[in-house]
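# Geometric and topological summary
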Number of protein chains: 2
Amino acid sequence: MGIIRKTKAVTTVLQIFEEKNEAQSVVHLIELVKDKMNKTTVYRILDRLEADGIIHSFNGKDGLKWYAKCKGCSAEHHTDKHPHFQCTECDKVECLSIDIKIPTIKNHKVESTDILLTGRCEVCSI
Amino acid sequence: MGIIRKTKAVTTVLQIFEEKNEAQSVVHLIELVKDKMNKTTVYRILDRLEADGIIHSFNGKDGLKWYAKCKGCSAEHHTDKHPHFQCTECDKVECLSIDIKIPTIKNHKVESTDILLTGRCEVCSI
DNA sequence: GTTATTAATGCAACTGAGTCGCAAAACTAG
DNA sequence: CTAGTTTTGCGACTCAGTTGCATTAATAAC
Ligand SMILES: [Mn+2]
Ligand SMILES: [Mn+2]
Ligand SMILES: [Zn+2]
Ligand SMILES: [Zn+2]
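A quick note: this is a predicted structure, and the numbers were derived from the prediction, not measured. (Residues numbered from 1 in each chain as written. Chains lettered and ligands numbered in written order. Predicted model: local features only at pLDDT ≥ 70, side-chain atom pairs only at ≥ 80, totals over all residues. Heavy atoms only, no water.)

### Considerations on the coordination of the manganese ion (ligand 1)
Residues and elements named next belong to chain A. Note the threshold: Donors, by definition, are the N, O and S atoms found within 2.8 Å of a metal, the threshold being 3.2 Å for Na, K and Ca, and water is not counted, so a site can look incomplete. Helix and strand assignments follow DSSP, with helices taken as H or I runs no shorter than four residues and strands as E runs no shorter than two, numbered in order from the N terminus. To sort residues, take the accessible area from a 1.4 Å probe on protein chains only and compare it with the maximum for the residue type: under 20% means buried, over 50% means exposed, and anything in between is partly exposed.
Distances from the manganese ion (ligand 1) to its protein donors, H56 (NE2), H82 (NE2), H84 (NE2) and C95 (SG), fall within 2.0 to 2.2 Å. Within one chain, the residues serving as donors to the manganese ion (ligand 1) are arranged as H-x25-H-x1-H-x10-C. Remark: C95 occurs in strand β5 (residues 93-95) and H82 occurs in the loop between β3 (65-69) and β4 (84-87); sequence separation between them is 13 residues. Residue H82 is classed as buried on the basis of its relative accessible area of 16%. Overall, C95 belongs to the partly exposed group, its relative accessible area being 34%.

As structure tokens, this is what we get:
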């Protein structure tokens, strides 16, 4: 599965991730490209890009869905797992390249870990 | 603010948390009491109970809002912070009383930490 | 117990993110 | 260029959560 055809819409969405180089909420993304494509298309393109290991998704503090570029993932192996930080002031999200140790929980099989830190970002904590 | 009047509806909601003694999704809670009160009332009661430090809220894996009883919190001090575990099979959520160390992130002021682990619970991992 | 005050509730309408089905358009292979 | 398949637009829909307002119920004062 995943991206098969490189359409104009796909290129437009990918360019946003390349240029801005930071996490994007779907709501914001839809706003950015609203003159170029339908919101349903945005959702579907993001789905395919994620299935291909090009971007990854997570939920922000207000429950909205966000996406950011992956580093070294493929359709088969989504290896780029990390926590996220969202600023309470400016709402920006950063992918954190820190490793947080999760202790084993007896009789439970942990399959995934979602960590969202919130607080003041570098710019907003001045 | 918080709970001021102990109404029938408030008592009903509180009883559910006392009896079941496990985390409840708002959607499930509304279903449980749908013959006794309006869904808006459920949302408002949960808000007030949370403001009073009696319950705490978090988002489950599918983005739905969940609540569970607090241990030792008050309206002023919400001290009962902990990660949650949601089963991918049965959807149940557990409050985990484990402590996960978050390293400091330079130039960032971390104010809160939301951790959701997903996987197989004790019952479902057999 | 009665009354006045104010908080809590019910109800209906609304909001907004995300989804679905289907016909039309755009790719790609041959 | 053509046929086969994927992608897109569009409109309608779903569903969790919210809002405004009129009504009801809890509490306190008397
Ligand atoms: Mn990330
Ligand atoms: Mn909990
Ligand atoms: Zn910021
Ligand atoms: Zn389970």
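### Brief notes about the sheet that holds strand β1 (residues 24-25) of chain A
Residue and element names in this part refer to chain A. Using the following cut-off: Strand pairing follows a simple DSSP-based rule, namely that at least 2 bridges must link the two strands. Contacts were defined at the residue level, with two residues in contact if any of their heavy atoms lie within 4.5 Å. For helices, the fitted axis covers only the stretch in contact; all axes are lines through C-alpha atoms, and the angles between them, taken along N-to-C directions, range from 0 to 180 degrees.
Taking strand neighbours across the sheet as the criterion, the three strands line up as β1-β3-β2 in an open arrangement whose pairing is antiparallel. The outermost strands of the open sheet, each flanked by one partner alone, are β1 and β2 (55-59). Contacting β1, β2 and β3, helix α1 (residues 8-20) runs over the sheet at an angle of about 70° to β3. In the packing of helix α3 (residues 39-51) onto the sheet, contacts are made with β2 and β3, and the angle to β2 comes to roughly 115°.

### A closer look at the protein's contact with DNA strand C
Here is the rule: One heavy atom within 4 Å of a molecule or strand makes the whole residue count as near it. Any pair of nitrogen or oxygen atoms within 3.5 Å is treated as a polar contact; in protein, a donor-acceptor pairing is required on top of that, and neighbouring residues in sequence qualify only through side-chain atoms on both sides. Residue type decides the class: Asp, Glu, Lys and Arg count as charged, Ala, Val, Leu, Ile, Met, Phe, Trp, Tyr, Cys and Pro as nonpolar, and the leftover types, Gly among them, as polar.
Taken together, the neighbourhood of DNA strand C is formed by 23 residues, with R5 of chain A together with R5, T7, T41 and R48 of chain B sitting nearest. The sugar-phosphate share of atoms of DNA strand C within 4 Å of the protein amounts to 59%. Within the side chain of Y43 of chain A, a nitrogen or oxygen atom sits 2.9 Å from a phosphate oxygen of DNA strand C. Interatomic distance of 2.4 Å between a side-chain N/O atom of R48 of chain B and a phosphate oxygen of DNA strand C. Of all the elements in the fold, those that place two or more residues in the surface near DNA strand C are α2 (26-32) and α3 of chain A together with α3 (39-51) of chain B. When the residues that make up the surface near DNA strand C are grouped by side-chain class, the tally is eight nonpolar, five polar and ten charged.

### Quick notes on the coordination of the manganese ion (ligand 2)
All names here are of chain B. Listed as protein donors to the manganese ion (ligand 2) are H56 (NE2), H82 (NE2), H84 (NE2) and C95 (SG); their distances from the metal cover 2.0 to 2.2 Å. For the manganese ion (ligand 2), the donor residues sit on a single chain with the sequence spacing H-x25-H-x1-H-x10-C. Remark: H84 occurs in strand β4 (residues 84-87) and H56 occurs in strand β2 (residues 55-59); sequence separation between them is 28 residues. When its relative accessible area of 6% is taken as the criterion, H84 is described as buried.

### Focus on the relation of the copies chain B and chain A
Definition in use: For this overlay, a least-squares fit was computed on C-alpha atoms, restricted to residues scoring pLDDT of at least 70 in both copies.
Screw-axis analysis of chain B against chain A gives a translation of 0.0 Å along the axis, an RMSD of 0.1 Å, and a rotation angle of 180°. On this basis, the relationship between the two copies can be described by a two-fold rotation axis. Closest approach to the rotation axis within chain B is made by the C-alpha atom of I115 of chain B, at a distance of 2.3 Å.

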